[in-house]
Amino acid sequence: MTDKTKTKALVPSPTVERIEEFTPAELNDLCDSTFAGIEAGGGFGWVTKPPRDVLERYWQGVTAMPSRILFVARLDGMICGSCQLVKPPMNNEAQKFAAQLTTHFIAPWARGHGLSKMLVAKAEETALEEGLSVINLDVRETMEQAIGLYEGLGYERVGTHPYYAQVGGKILKGFYFTKRLK
């Protein structure tokens, strides 16, 4: 008799959530994913990997700041990316309707599962819940996939900064995007 058991392919489980504090394992995953993102050229400001303790303090500081809302992406339960929604300071009454989207990245090993779009969607949903109606963001000119993502999600390019960043001794332009939420 032949065993006719069928092997089922495992389908990765991508999820996104707001996170307010980390377990040690979650902080470890986020730092490892951040390092992978930096090495792939998407380090949201970092060009080289900072010391591990500096990165850990950075992420712990994010969760301690009431003006920052951190979202993490998970693939099969492991944190593999993030983005933050930065609310305007309380003394900026004129711009109290607008937030900044920042630190948006997915580790290279977790790309291709829709997590970037899921992170932006969660940030937009939360912005509306927080009474915010505009999201602004900026990216280096070399971040072509991110630019395509934002444009595809309805973000409008509203400006260019000719001296936005320096990477590998080369000055790069930066692009500014905005989206009015409905």
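Attention here is on the structure that accompanies the text. (Residues numbered from 1 in each chain as written. Predicted model: local features only at pLDDT ≥ 70, side-chain atom pairs only at ≥ 80, totals over all residues. Heavy atoms only, no water.)

1. Quick word on the packing of aromatic side chains
Where we set the bar: Centres within 6.5 Å are what make two rings of Phe, Tyr or Trp a pair, Trp counting through its six-membered ring; a difference in plane orientation under 30 degrees is then read as stacked, over 60 as edge-to-face, and the rest as tilted. Accessible area is worked out with a 1.4 Å probe on protein chains only. A residue is then buried under 20% of its type maximum, exposed over 50%, and partly exposed in between. By definition, any uninterrupted DSSP run of H or I lasting at least four residues is a helix, any uninterrupted run of E lasting at least two residues is a strand, and each is numbered from the N terminus. In this scheme, the term charge over a ring applies when either NZ of a lysine or CZ of an arginine sits within 6 Å of the ring centre and within 35 degrees of the ring normal.
All chains considered together, the criterion is met by five aromatic pairs. The interplanar angle of 65° and the centroid separation of 5.8 Å between the aromatic rings of Y150 and Y155 together place this pair among those described as edge-to-face. Residue classification places Y150 among the buried residues on the basis of a relative accessible area of 4%. The exposure class assigned to Y155 is buried, which follows from its relative accessible area of 4%. For the pair Y150 and F177, a centre-to-centre distance of 6.3 Å together with 50° between the ring planes defines the contact as tilted. With Y150 in helix 4 (residues 144-152) and F177 in strand 7 (residues 170-180), this residue pair connects regions lying 27 residues apart in the sequence. Both residues of the pair, Y150 and F177, belong to the buried class. Its end group placed over the ring of F35, K49 keeps NZ or CZ at 4.9 Å from the ring centre. Lying across the ring of F175, R157 places its NZ or CZ 3.9 Å from the centre.

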